[in-house]
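# Coordinate analysis (summary)
The residues making up each chain are set out below.
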Amino acid sequence: MRPSTLCLSVFSALAALFVGMLLHARGRQSTASQERAGRVALVRSLGLTDLCLFTEARYTRHPAMADRHAAFQDHPMALDHFPSGSLLAPPLFPSPHAPLPPAPSQRP
Amino acid sequence: MNRPLISLLNVLLLALAPTLWADTHPAAAKGLVPKGSCAVCGMHVPKFPDWAAVVTFQDGGQAWFDGPKDLFTYLQDLKRYAPKRQAQDIASIQVKSYYTLKHIDARKAFYVLGSDVMGPMGKELVPFATEPQARDFLKDHRGQKIIPFQEITPATMKALE
Amino acid sequence: MRPSLQRHRSVLDFALSSLLRRKGRNLALTAVYTLVVFVLASLVFFVQALKHEAGELLEHAPDMVVQRMVAGRHDPMPASQVEAIREIRGVEEAEARLWGYYYDPVYGGNLTVMASPDPTLLPGSARIGRGVARNMRVAEGDMVPLRGYDGLPLLFTIQQVLAEDSELVASDLVLLSPADVRTLFHLPEGLATDLAIKAGNPRELTTIATKIVEKFPDARPILKSEMLRTYEAAFDWRGGLMVVVLASAILSFIIFAWDKATGLSAEERKEIGILKSIGWESGDVLLLKFWEGAVVSLAAFLGGVLLAYGHVFFFSATLFEHALKGWSVLFPRFRLIPALDAYQITVLFFLTVLPYTAATLVPCWRAAMADPDSAMRS
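Residues numbered from 1 in each chain as written. Chains lettered and ligands numbered in written order. Predicted model: local features only at pLDDT ≥ 70, side-chain atom pairs only at ≥ 80, totals over all residues. Heavy atoms only, no water.

Within chain B, the secondary structure is distributed over five helices and nine strands. Listed N to C, the secondary structure of chain B is α-β-β-α-α-β-β-β-β-β-β-α-β-α in terms of helices and strands. Scored against the burial criterion, the 161 residues of chain B give a buried share of 41%. At a minimum sequence separation of 6, the contacts of chain B that also span at least 24 residues come to 59%. Accessible area for chain B stands at about 8,800 Å²; split by element, carbon and sulfur atoms hold 57% of it. (Helix = DSSP H or I, 4+ residues; strand = E, 2+ residues; numbered from the N terminus. Buried < 20%, exposed > 50% of the residue type's maximum accessible area, 1.4 Å probe, protein only. Contact = heavy atoms within 4.5 Å. Areas by Shrake-Rupley, 256 points an atom, 1.4 Å probe, with all protein chains shown as cover.)

This is the structure we're talking about:
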């Protein structure tokens, strides 16, 4: 057998696997809503706001709910105590959608 | 260049292509599901479900609109947009209430003109189920006036252009 | 077969035998190359799937959460504010949420204790996430003690361990009845942790938020778009995780390619010289080198991507677990749903295959242009 025949058949097999991978991904995507149903039900009934990824501290467990400057509690670019602090980008405050605080009114 | 490689690349790209369109949108709307294109401007209605208005005829036929503005344009010139239909053929007219995004009877709704909320076609007549809702919206969004269904005339429509 | 194809096959045959001549070196090269693609692709798949999942799940999160800030920190708020907020035009639902953190001193886990709105969860019983059950080594029907604010233990019967597929959102949850949460944390009746709000029309959210801040200046509304953006930012191409690994991988790859591009060994130069002297044209030499590069890089790309897919979606990205786990004792185990992005796979392809093929071609092109006599002598 010529080496090129072997090589081309190996590559066709790899390409077939690659296409199979894409088809598998599509298949999983099409049943994703059923697979996700349990999670969605919990998020809806409990009003969850975050994914449970890092449980080491409150500002990594609920990054969306954390204090204003978390996960960079000291200042926006400060290094963090936890490895996950280096994985979370600084919050994008002030955000364009966040409501502005009202102008200070006169105090009596 | 060498064709086998190009064809291999093509196979790869073709295989990748379906994932481009894999994004599926779940049908979120309950009840009346917007479909088709706007009977006045031809825009795709399901793209703007928050504004979708619909006229249902006695025989079950429907005309969808991408906003109340086009709905009124249609109603005021039925001869042009639906030559085969008469005004008395209309069974119901529904618009989406701004605060709840649910369909309400357009004939009983109140519309706010000149607010800072824009529809898919720019300035809109924003519909509300009750007058207090319309009043609150007018205050929050710098609207100009509240008009009930019956008082919307071609002159009103001019102001929306 | 057409003659041009025949020619390609012959050149490919020659390229393969020349690769096999330096078997050890080329195998090592392909292995390292596959590893680089594998790490990059694993990361891309993992991050993309997590990002997609976060987006899909948080789509069902409350439209807005209102916290009360005291001295710059999140503090319990009067639940009576719910009434005032419900009256704001455009608010469809407003509920007080009751939750907090509990550090388990025995197993060292950080738990999220939450009041369940489900009335069938009676005082004295609890529903716990899989991670908690694993961490505390308990099952349904067992009793768990939680230390109350006053140091006295409160006993709860585990009514249910939450389903496995919910771990991504609920691994560390302990659901109790509202009364039990109040007892555990000593939260008086009438105080809530925060308020969850659902708006009829999401377009109105900023107006609602402005009105809430006008009514309660110490309130901090967090919109759903901000929650989503937190995760977008964390799993972004330019964000955190990606930058660290991508940067180092790409840098090492560039050094590797640079090394290969600039240093063509004397032996290789001699080989090119011989090929040219026996009648090969520069074009043929380049074609040969092209096939050598293409075989190695395509094999590495396809192999790396396939391995990465298996690693992330069949073995739950076990290699990343340690990086993600960090300091936490309680780690969720989840099976991700693939969310492949054609764009990212294409970028990966061009980022790995093209530079390598170019890096093998350019020096050979220079050598192939040279006079065969001088190439063989040098």
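Turning our attention to the pattern of salt bridges. Residues and elements named next belong to chain B. Scanning the entire structure with this criterion turns up 24 salt bridges over all chains. Between D59 and R85 there is a salt bridge, with the nearest N and O atoms lying 2.9 Å from each other. On the criterion of sequence distance, the pair formed by D59 in the loop between β1 (53–57) and β2 (62–65) and R85 in the loop between α3 (78–81) and β3 (90–96) is long-range, its members being 26 residues apart. Note that R142 and D116 form a salt bridge whose closest N and O atoms lie 3.3 Å from each other. (Salt bridge = Lys/Arg side-chain N within 4 Å of Asp/Glu carboxyl O.)

Take the state of the cysteines next. Under the criterion given, the structure shown has zero disulfides over all chains. Cysteine C41 of chain B shares no disulfide, and the gap to the nearest cysteine sulfur, in C38 of chain B, comes to 3.6 Å. (Disulfide = S-S within 2.5 Å.)

Moving on, we get to the nonpolar core. Residues M21 of chain A together with F45, F46 and F301 of chain C are the most contacted members of the largest nonpolar core, which totals 93 residues. Apart from residues no more than four positions distant in its own chain, F301 of chain C is found in contact with F18 of chain A together with V37, I345, L348, F349, T352 and V353 of chain C. The next biggest cluster of nonpolar side chains, apart from the first, holds 29 residues, and it includes F57, L71, V95 and M157 of chain B. (Core = buried A, V, L, I, M, F, W, Y, C linked by side-chain atoms within 4.5 Å.)

What follows is about the interface of chain C and chain A. Facing the 88 residues of chain C at the interface are 65 residues of chain A. Between chain C and chain A we count five salt bridges in total. Close ionic contact of D172 of chain C with R61 of chain A constitutes a salt bridge, the shortest N to O distance being 2.6 Å. Across the chain C-chain A interface, the total number found is 23 residue pairs in polar contact (both at pLDDT 80 or more). Here the side of chain C that touches chain A takes nine residues from helix α11 (residues 282–313) of chain C, the largest share from any one element. For the side of chain C that touches chain A, the class distribution of residues is 55 nonpolar, 17 polar and 16 charged. (Polar contact = N/O pair within 3.5 Å; in protein donor to acceptor, adjacent residues only side chain to side chain. Nonpolar A, V, L, I, M, F, W, Y, C, P; charged D, E, K, R; others polar.)

Attention now moves to the sheet that holds strand β6 (residues 110–115) of chain C. Residues and elements named next belong to chain C. A sheet is described by the order of its strands in space; here six strands give the open sequence β5-β6-β10-β7-β9-β8, paired in mixed fashion. The two strands at the open ends of the sheet, each matched to only one other strand, are β5 (99–103) and β8 (143–147). Between one strand and the next, the sheet's axes are offset by a mean angle of 35°, whatever the strand orientation. Bridge count for β5 against β6 is five bridges, and the pairing is antiparallel. (Pairing = 2+ DSSP bridges. Axes fitted to C-alpha atoms, helices over the stretch in contact; angles between N-to-C directions.)

Residues and elements named next belong to chain C. Here strand β7 (residues 125–128) runs beside strand β9 (residues 153–161); their pairing, made up of four bridges, is parallel. Paired with R127 across the strands is Q160, a residue of β9. Here β8 runs beside β9; their pairing, made up of five bridges, is antiparallel. Across the sheet, residue R147 finds its bridge partner in β9, namely P153. Linking β8 to β9, which pair antiparallel, is a turn of five residues; within it G151 sits at a positive phi near 90°.

Let us now look at the environment of A339 of chain C. Mapped onto the secondary structure, A339 of chain C falls in the loop between α12 (321–325) and α13 (342–369). We classify A339 of chain C as buried; its relative accessible area is 8%.

All names here are of chain C. Not every positive phi belongs to a glycine, and S316 is a case in point at roughly 50°. Look at S316 and you get partly exposed, because its relative accessible area is 34%. If you check the backbone angles, A317 has positive phi at about 50° while not being a glycine. Among the structural elements, A317 can be located in the loop between α11 and α12. Here A317 falls in the buried class, since its relative accessible area comes to 2%.

With that settled, the discussion passes to the packing of helix α10 (residues 266–277) of chain C against α11 of chain C. All names here are of chain C. Where α10 meets α11, the axes come as close as 10 Å, and the angle between the chain directions of the two elements is 135°. Between α10 and α11, the angle is such that the two are oblique. Relative to α11, α10 is oriented so that their crossing is right-handed. The segment α10 lies against α11, with E268, E271, I272, L275 and K276 engaging S282, V285, L288 and K289. Taken together, the residues that form the contact of α10 with α11 break down as four nonpolar, one polar and four charged. (Parallel < 35°, antiparallel > 145°, perpendicular 65-115°, else oblique. Left-handed = near helix turned anticlockwise from the far one by under 90°.)

Here we take up the packing of helix α2 (residues 23–58) of chain C against α13 of chain C. Residues and elements named next belong to chain C. It is the contact of α2 with α13, at a shortest axis distance of 11 Å, that shows an interaxial angle of 160°. For the element pair α2 / α13, the angle class is roughly antiparallel. Seen from above, α2 lies across α13 with right-handed handedness. Residues L29, Y33, V37, L40, A41, V44, F45 and Q48 of α2 pack against Q344, I345, L348, T352, V353 and Y356 of α13.

Side chains of M1, L6 and V10 of chain A sit close together on the surface and give an oily, nonpolar patch of about 350 Å² of accessible area. Locating L6 of chain A in the fold gives a position in helix α1 (residues 3–30). (Patch = residues over 30% accessible without salt bridge, like charges linked within 9 Å, V, L, I, M, F, W, Y side chains within 5 Å.)

In this section: the packing of aromatic side chains. Enumeration over the complete set of coordinates arrives at 22 aromatic pairs over all chains. With centroids separated by 5.0 Å and ring planes inclined at 80°, the aromatic side chains of F301 of chain C and F349 of chain C adopt a geometry described as edge-to-face. Placement of the pair is F301 of chain C in helix α11 and F349 of chain C in helix α13, with a sequence separation of 48 residues. According to the relative accessible area criterion, F301 of chain C is buried, its value standing at 1%. With a relative accessible area of 9%, F349 of chain C lands in the buried category. Directly above the aromatic system of F57 of chain B lies the positively charged group of R85 of chain B, at a separation of 4.0 Å from the ring centroid. (Phe/Tyr/Trp six-rings, centres within 6.5 Å; stacked < 30°, edge-to-face > 60°. Lys NZ or Arg CZ within 6 Å of the ring centre and 35° of its normal.)

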